[in-house]
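# Notes for the structure review
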Amino acid sequence: MNRKDRLYQSEITAPEDFVFDDRVVRVFPDMINRSVPGYSLIVPMIGVLARRYAQADSRLYDLGCSLGAVSLAMQAAVHKPGVEIVAVDSSMEMIRQLQQNLAEDSDAGAGAILARQGDILETPIENASVVVLNFTLQFIEMEKRQELMNRIATGLNPGGILVLSEKIRFDSEREQELQTLWHHDFKKTQGYSDLEIARKRDALENVLRPDSAGQHMDRLKTAGFGQVYQWYQGFNFVSLVAFRKDGVNL
Ligand SMILES: C[S@@+](CC[C@H](N)C(=O)[O-])C[C@H]1O[C@@H](n2cnc3c(N)ncnc32)[C@H](O)[C@@H]1O
């Protein structure tokens, strides 16, 4: 676990679409830290947000949880009674590793983390005060994104929040080109070679489909989120907080 990501170093590996399998699980923390600018800041800040908006006797959802970084951050930050953290991922390999990590962790905090394998498109969202998709929606089929946001808005209690972190694309060609260049520069400073960056980009091409900020805003408004605020941007990676229209939010 937590080995260095060298998956795209070899020129021999046949090009194939990116999947969250055993090979990825073994290097995932290293991979996401060296690929997403600000990941190590975003995760604990989601804990900070959850601490404010989590409600007693409610659920906090970590949808597309991978190895549960967000669940663990929420668990450490939230101290309300009766809170249950529901961590869902479609990758059996991710969930198996997360469950093993949780079983070995004797310092588990107040809220229990229920880690389960499943499709977030089929996961009921009920009695939720915090729902997080930290770089997950970008992997969901385009046509299914609206319905998922609608279900999340319906499942959120008044006063609850959605935290949505995504890689985005820019409407301006020039900005798209520059932000991509800067992201690749970031990856180079993290030790990735040009070859690794190019191979990973090819592998993700059919799998990770980014929306623009405008598309996210429109979709969230349609779903019933009245206020949407961007709290983080690092090149082409952003994170938003969305409040339900009828919520009283401070
Ligand atoms: C970039 S990772 C998320 C990182 C994680 N949220 C974190 O903060 O460390 C995307 C995750 O979404 C999961 N995923 C993709 N589509 C899914 C779906 N339909 N249902 C559940 N999980 C899904 C993948 O298996 C993968 O673990």
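Right, let's walk through the structure included here. (Residues numbered from 1 in each chain as written. Predicted model: local features only at pLDDT ≥ 70, side-chain atom pairs only at ≥ 80, totals over all residues.)

## Topic: the nonpolar core
The tendency in soluble globular proteins is for nonpolar side chains to be buried as a group. Among the nonpolar cores identified, the biggest contains 52 residues, and Ile46, Leu60, Met74, Val130, Val131, Val132 and Leu162 are the most heavily contacted of them. Here Val130 is in contact with Ala50, Tyr53, Ala54, Leu60, Met74, Gly160 and Ile161, once residues within four sequence places are set aside. (Core = buried A, V, L, I, M, F, W, Y, C linked by C-beta atoms within 7 Å. Buried ≥ 20, exposed ≤ 12 C-beta atoms within 10 Å, placed from the backbone. Contact = placed C-beta atoms within 7 Å.)

## Regarding the sheet that holds strand 7 (residues 237–244)
Taking strand neighbours across the sheet as the criterion, the seven strands line up as 3-2-1-4-5-7-6 in an open arrangement whose pairing is mixed. Whereas interior strands pair on both sides, the edge strands pair on one side only; in this sheet they are strand 3 (112–117) and strand 6 (225–234). Averaged over all pairs of adjacent strands, the angle between strand axes in this sheet comes to 15 degrees, irrespective of strand direction. In this sheet, strand 7 lies alongside strand 6 in antiparallel orientation, the contact comprising eight bridges. Bridging from a neighbouring strand, Tyr232 pairs with Ser239 of strand 7. Contacts between helix 3 (residues 69–77) and the sheet are confined to strand 1 (59–63), strand 2 (84–89), strand 3 and strand 4 (128–134), with strand 2 contributing the most and set at about 175 degrees to the helix. (Pairing = 2+ DSSP bridges. Helix = DSSP H or I, 4+ residues; strand = E, 2+ residues; numbered from the N terminus. Axes fitted to C-alpha atoms, helices over the stretch in contact; angles between N-to-C directions.)

## Considerations on the packing of helix 5 (residues 145–155) against helix 8 (residues 213–223)
Helix 8 packs onto helix 5 with a crossing angle of 45 degrees between their chain directions and a minimal axis gap of 8 Å. Between helix 5 and helix 8, the interaxial angle falls into the category oblique. At the point where helix 5 passes helix 8, the crossing takes the right-handed sense. Seen from helix 5, the contacting residues are Arg145, Gln146, Met149, Asn150 and Ala153; seen from helix 8, they are Arg219, Leu220, Thr222 and Ala223. When its residues are assigned to classes, the contact of helix 5 with helix 8 shows four nonpolar, three polar and two charged. (Parallel < 35°, antiparallel > 145°, perpendicular 65-115°, else oblique. Left-handed = near helix turned anticlockwise from the far one by under 90°. Nonpolar A, V, L, I, M, F, W, Y, C, P; charged D, E, K, R; others polar.)

## A closer look at helix 5
Among all positions of helix 5, only Leu148, Met149, Ile152 and Ala153 are buried. For helix 5, the angular spread of buried residues about the axis comes to 135 degrees, placing them on one side. Among the structural elements, strand 4, strand 5 (156–167), helix 8, strand 6 and strand 7 are those in contact with the buried residues of helix 5. (Arc of directions from axis to C-beta.)

## Here we look at the site of the ligand
Around the ligand there are 20 residues in total, and Phe20, Gly64, Ser90, Ser91 and Asn134 lie nearest to it. Taken together, the elements giving at least two residues each to the shell around the ligand come down to helix 3 and strand 2. Split into classes, the residues belonging to the shell around the ligand amount to 12 nonpolar, six polar and two charged. (Near = placed C-beta within 6 Å.)

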